[in-house]
Amino acid sequence: MSESVVDAGRSAECGLGQRPEYQDLHADCRRTEDVPLPHGMGLLLMPRCTCPCHQQSLGGGR
């Protein structure tokens, strides 16, 4: 049995969405932006998913 390398920065939806039978799950990823910790002075409560499709919005901002 071969094991694939899992990127710890990816969301569960994107990680599972890499498998052929779960490709539609990738669209359910909710970690598309960094979520800052309130009053955390730059600390993140939840970082953005490291999936390449979410990297395109890194420099954008709102």
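Preceding this paragraph is the structure being described.
Everything in this summary refers to the structure shown in the same document. A quick note: this is a predicted structure, and the numbers were derived from the prediction, not measured.

Cut-offs used in this document
Residues numbered from 1 in each chain as written. Predicted model: local features only at pLDDT ≥ 70, side-chain atom pairs only at ≥ 80, totals over all residues. Heavy atoms only, no water. Helix = DSSP H or I, 4+ residues; strand = E, 2+ residues; numbered from the N terminus. Buried < 20%, exposed > 50% of the residue type's maximum accessible area, 1.4 Å probe, protein only.

1. Thoughts on the environment of P52
Argument step 1. Structurally, the position occupied by P52 is in helix α2 (residues 52-55).
Argument step 2. You can call P52 exposed: its relative accessible area is 55%.

2. Describing unusual backbone geometry
Argument step 1. Residue H39 is not a glycine yet carries a positive backbone phi of 60 degrees.
Argument step 2. Tracing the chain through its elements places H39 in the loop between β1 (35-36) and β2 (44-46).
Argument step 3. Since its relative accessible area comes to 81%, H39 is described here as exposed.
Argument step 4. Although it is not a glycine, M41 adopts a positive phi angle of roughly 50 degrees.

Structural measurements only, silent on function.
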